[in-house]
Amino acid sequence: MGMLDNIQTGRENKPPRIMIYGSEGVGKSSYAAGAPNAIFIQTEDGLGEIDCRKFPLAHSLSEVIAELTALRDEAHEFQTVVVDSVDWLERLIFDEVCREFGVRSIEKADGGYGRGYTHALTHWRKVISLLQELRDKRGMMVILVAHAKVERFEDPENAAYDRYTPRLHKHAASLISEWVDAVLFANKKFRVTKENAGFNGERAIAAPIGADGGERIIRTVGSPACIAKNRYGLPSEIPLSWQAFIEAYTKIEENHHE
């Protein structure tokens, strides 16, 4: 039997791997809580008002690893694992790197010069490996929740501009974004208008679109305003809810099987 006999064809029907990020209070955790039989790995204390099942708040990377390992090895009926949030998990990873090298700052680890962030990637890969096992061996969906930051992007073809990105070090953000099937940006819809400001010229005023402080949406495709992607062919914008996401996802999957 030759190597070419091992070539596989067709689409793999595996559970989604998703990172959703956005500003505080927009509804990222509520979105994740809507996923089927979700269990939360807590790295920040912000789930008090959300009806969900969760591990106790993790104070170290080893606790997170232990919880993921338990989900891999022990009997349970959970279908979705949620890490909330990965930017607070990154703090625990940085703490672990600092402990390993006996320093107080990730910038000082292994002599500095950015080596601490490289060592952090080793721990990130352990976490991702466990999440991958949960997907492959236990059939679990993976949802990673992150906060957003505004980052200056130096575009080699155009003038530099600001855009939303996950609040992670660029190496970790790149690693996670490559691993997941979808990077979703959660935001509120705004309408920007300009008004005369006298001698100072014009000023921009942002007003929410929709009720309750603005319609909440998910952007699934990247743009100059934000980092986003998906491998499913989702509409570029959908409502911020698990139901809206799964309906769009299911519709596309059905079309592929027709």
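Residues numbered from 1 in each chain as written. Predicted model: local features only at pLDDT ≥ 70, side-chain atom pairs only at ≥ 80, totals over all residues. Heavy atoms only, no water.

- Looking at an unreviewed UniProt entry, one finds the chain named ATP-binding protein and attributed to Victivallis lenta.

1. Let's talk about the overall build of the chain
- What the chain contains, in helices and strands, is 6 helices and 12 strands.
- In the chain, which comprises 258 residues, the proportion classed as buried is 42%.
- Taking as baseline every contact in the chain between residues at least 6 positions apart, the subset at least 24 positions apart corresponds to 63%.
- For the chain, the exposed surface amounts to about 14400 Å²; the carbon and sulfur share of it is 49%. (Helix = DSSP H or I, 4+ residues; strand = E, 2+ residues; numbered from the N terminus. Buried < 20%, exposed > 50% of the residue type's maximum accessible area, 1.4 Å probe, protein only. Contact = heavy atoms within 4.5 Å. Areas by Shrake-Rupley, 256 points an atom, 1.4 Å probe, with all protein chains shown as cover.)

2. Topic: the nonpolar core
- Ranked by internal contacts, the top residues of the largest apolar core, which has 44 residues, are Leu68, Val81, Trp124, Leu131 and Leu144.
- Counting residues per element, this core draws most heavily on helix α4 (residues 115-138), at 9 residues.
- If we ignore the near neighbours within four places in the chain, the residues touching leucine 144 are Ile18, Met19, Ile20, Val83, Val86, Leu131, Ile176, Trp179 and Val180.
- Within the second largest apolar cluster, 28 residues are counted, among which are Leu47, Ala182, Ile218 and Trp242. (Core = buried A, V, L, I, M, F, W, Y, C linked by side-chain atoms within 4.5 Å.)

3. Focus: empty space enclosed by the protein
- Across all of its chains, the model carries 2 cavities of 30 Å³ or more by this definition.
- What the largest cavity holds in volume is close to 40 Å³.
- Residue lining of the largest cavity: Val83, Val86, Leu89, Trp124, Val127, Ile128, Leu131 and Leu144, and that is the complete set.
- Contributing elements (two or more residues each) for the lining of the largest cavity: α3 (86-101) and α4.
- The element best represented in the lining of the largest cavity is α4, accounting for 4 residues.
- Counted by class, the lining of the largest cavity contains 8 nonpolar, no polar and no charged residues. (1 Å grid on protein atoms, 1.4 Å probe; cavity = no way out; pocket = protein on both sides within 12 Å on 5 of 7 lines; lining within 4 Å. Points joined across faces, edges and corners; volume = space filled by probe spheres on them. Nonpolar A, V, L, I, M, F, W, Y, C, P; charged D, E, K, R; others polar.)

4. Some remarks on the packing of aromatic side chains
- Throughout the structure, instances matching the rule amount to 9 aromatic pairs.
- Centroid distance tyrosine 21 to phenylalanine 185: 5.0 Å. Interplanar angle 40°. Geometry classified as tilted. One end of the pair, tyrosine 21, is in strand β1 (residues 17-22); the other, phenylalanine 185, is in strand β7 (residues 182-188), and 164 residues separate them in sequence. The same class applies to tyrosine 21 and to phenylalanine 185, which are both buried.
- The rings of Tyr31, Tyr232, Trp242, Phe245 and Tyr249 are connected pair by pair, giving a single aromatic cluster.
- Seen from the ring of tryptophan 179, arginine 17 lies directly overhead, with NZ or CZ sitting 5.2 Å from the centre.
- The ring of tryptophan 88 carries arginine 91 above its face, with NZ or CZ at 4.1 Å from the centroid. (Phe/Tyr/Trp six-rings, centres within 6.5 Å; stacked < 30°, edge-to-face > 60°. Lys NZ or Arg CZ within 6 Å of the ring centre and 35° of its normal.)

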